[in-house]
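# Results of the structural survey
Okay, here's what each chain looks like letter by letter:
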Amino acid sequence: MSHSTVPRSRAEADDDRAGRTPVASDGTTGGGKREKTGKLSLRLRFRRDRTLILMTLPAVLLLLVFNYLPILGNIVAFQDYDPYVSDNGIVSMLHSAWVGVENFQQIFADSAFWNAVQNTLVLFFLQLVLFFPIPIALALLINSVVRPRVRAIAQAVLYLPHFFSWVLVISVFQQIFGGAGLLSQLLRQHGYAGINIMSDPSTFKFLVTAEGVWKDAGWGIIVFLAALASVSPDLYEAAAMDGAGRWRRMWHVTLPALRPVIALLLVLRVGDALTVGFEQILLQRDAVGPGASDVLDTFVWWNGVRNQDFGYAAAAGLVKGVVSIGLVLAANKVAHLMGEQGVYKK
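Residues numbered from 1 in each chain as written. Predicted model: local features only at pLDDT ≥ 70, side-chain atom pairs only at ≥ 80, totals over all residues. Heavy atoms only, no water.

Attention now goes to the overall build of the protein chain. Looking only at helices and strands, the protein chain features 16 helices and two strands. Every one of the 346 residues in the protein chain was classed for burial, and the buried ones make up 30%. Relative to all contacts within the protein chain whose residues are 6 or more apart in sequence, the contacts with residues 24 or more apart total 61%. Of the accessible surface of the protein chain, which amounts to about 22100 Å², a share of 65% is contributed by carbon and sulfur atoms. (Helix = DSSP H or I, 4+ residues; strand = E, 2+ residues; numbered from the N terminus. Buried < 20%, exposed > 50% of the residue type's maximum accessible area, 1.4 Å probe, protein only. Contact = heavy atoms within 4.5 Å. Areas by Shrake-Rupley, 256 points an atom, 1.4 Å probe, with all protein chains shown as cover.)

This part covers the nonpolar core. One recurring pattern in soluble globular proteins is that nonpolar side chains are buried together. Core analysis: the largest hydrophobic core is formed by 17 residues, its most contacted members being Ile107, Phe113, Leu296 and Phe299. For this core, the elements supplying multiple residues, two or more each, are helix H4 (102-108), helix H5 (111-131), helix H15 (296-306) and helix H16 (310-337). At five residues, the largest contribution of residues to this core is made by H16. Residues within four places of Phe113 in sequence aside, it is in contact with Ile107, Phe108, Leu296, Phe299, Ala316 and Val319. In this structure, Leu140, Ile142, Leu228 and Leu258 belong to the second largest nonpolar core, which totals 14 residues. (Core = buried A, V, L, I, M, F, W, Y, C linked by side-chain atoms within 4.5 Å.)

Not every positive phi belongs to a glycine, and Gln308 is a case in point at roughly 60°. Of note, Gln308 is situated in the loop between H15 and H16.

This part covers the pattern of salt bridges. A full pass over the atoms with the stated rule returns four salt bridges. Asp49 is paired through a salt bridge with Arg48; the nearest N and O atoms lie 3.1 Å apart. Owing to a relative accessible area of 25%, Asp49 belongs among the partly exposed residues under this scheme. Classification of Arg48 by relative accessible area gives exposed; the value is 53%. (Salt bridge = Lys/Arg side-chain N within 4 Å of Asp/Glu carboxyl O.)

The subject of this paragraph is the packing of aromatic side chains. Under the counting rule described, the total for this entry stands at 15 aromatic pairs. With 5.3 Å between their ring centres and 45° between their planes, Phe78 and Phe104 make a pair best called tilted. With Phe78 in the loop between helix H2 (42-68) and strand E1 (79-80) and Phe104 in helix H4, this residue pair connects regions lying 26 residues apart in the sequence. Residue Phe78 is classed as partly exposed on the basis of its relative accessible area, which comes to 26%. For the pair Tyr159 and Phe163, a centre-to-centre distance of 5.1 Å together with 75° between the ring planes defines the contact as edge-to-face. Every member of this aromatic cluster is reached through a ring pair, and the members are Phe108, Phe113, Trp114, Phe299 and Tyr312. Cation over ring: Lys215 sits above Trp166, and NZ or CZ is 5.1 Å from the ring centre. (Phe/Tyr/Trp six-rings, centres within 6.5 Å; stacked < 30°, edge-to-face > 60°. Lys NZ or Arg CZ within 6 Å of the ring centre and 35° of its normal.)

Its place among the elements puts Thr120 in helix H5. In this structure the side chain of Thr120 is engaged in a polar contact, spanning 2.7 Å, whose partner is the backbone oxygen of Ala116. Look past the residues within four positions of Thr120 in its chain and what remains in contact with it is Ala273, Leu274, Val276, Val295 and Leu296. (Polar contact = N/O pair within 3.5 Å; in protein donor to acceptor, adjacent residues only side chain to side chain.)

Two elements in contact, helix H10 (residues 204-229) and helix H13 (residues 278-288), have axes separated by 12 Å at closest approach and are oriented at 150°. Classified by the interaxial angle, the pair formed by H10 and H13 is roughly antiparallel. Seen from above, H10 lies across H13 with right-handed handedness. Where H10 abuts H13, its residues Phe204, Leu207, Val208, Glu211 and Gly212 lie against Gln280, Ile281, Gln284 and Val288. Along the lines of polarity and charge, the residues of the contact of H10 with H13 split into five nonpolar, three polar and one charged. (Axes fitted to C-alpha atoms, helices over the stretch in contact; angles between N-to-C directions. Parallel < 35°, antiparallel > 145°, perpendicular 65-115°, else oblique. Left-handed = near helix turned anticlockwise from the far one by under 90°. Nonpolar A, V, L, I, M, F, W, Y, C, P; charged D, E, K, R; others polar.)

The next subject is the side chain of Ser96. Position of Ser96 relative to the elements: it lies in the loop between helix H3 (89-95) and strand E2 (97-98). A distance of 3.2 Å separates the side chain of Ser96 from the backbone nitrogen of Asp82, its partner in a polar contact. Side-chain polar atoms of Ser96 contact the backbone oxygen of Ser92, separated by 2.6 Å. Sequence-distant contacts of Ser96, defined by excluding residues within four places in its chain, comprise Gln79, Asp80, Tyr81 and Asp82.

The next thing to look at is the confidence of the model for the protein chain. Residues with a pLDDT of 70 or more make up 87% of the protein chain, whose mean pLDDT is 81. Here helix H1 (residues 10-18) stands out as the element of the protein chain with the lowest mean pLDDT, 49, in contrast to helix H8 (residues 166-177), whose mean of 91 is the highest. Taken together, the stretch residues 1-7 has pLDDT below 50 and engages in two contacts with residues farther than four places along the chain or on a different chain. In this model, residues 21-35 is a region of pLDDT below 50 whose contacts with residues beyond four sequence positions or in other chains number 20 contacts. (pLDDT = per-residue confidence, 0-100.)

So, in structure tokens, the structure goes:
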């Protein structure tokens, strides 16, 4: 009997019809182009995805140069770093005195550091409670507007402050809430004493939160409106046919559609909890004093750049980075427990 007339098994015939490479009895593939697990080899995957790899290569290089290579500079936190030893920063690190954990011991014993931590956490919770829900509410409000032209104008007006610099934002608030601002002048015209909210330490945290809401709420609106655009109109029609009013449609259709985006942005917000606006606070630091305004970023800048204590400032920055990573992992775990993807899948 010739080789072409040898009966084949049903599995072999199915492999031929499906275009799969036949597997020998020892488990290896006949063509040698696939691994034992049936996955494409690394060479074939590279050939298949080489265009995408080349497109992402510049972004990867930027991350390596500006995000990952500077991590090596954290060794300064364990040194009495002297940048004037050499013109080369790497040579300066090699010749600076090693002090171990002495910088960390000084940080944890410094009351100014703990004051900065307290201010940072208070600002984070205020922004999380007051700032985070506002873009969601505004996005729902704009999405309920029937006329597309009115919706586009409202969206553009709310998004415009996002392009303003913090200098301009603080100048606008100074003209309204400062000692010679519109609010103070209005109060004086009606026989009341003027107020200067911009220099009041007791209201500084609320002022910073209000500035952040006015400047960046428009960006959040864009994100949530994009998520709302993916909701099928059939869901709203089905809910309306079942007798659901506007509020019930929002609760049972709109908010569940926004939940994955809300979970993702919340995880990112928690990871950024210890970074509450360096430039914004630094510009107003002298007006209210360091006791009310100092956060971890300004604490690091003041000790590292102004006081030239680079090892001490690097230690504070390293503590902040480690805590931020822990917050991201914890928030992402909570998102997984809620059934959402978070930053990455399980």
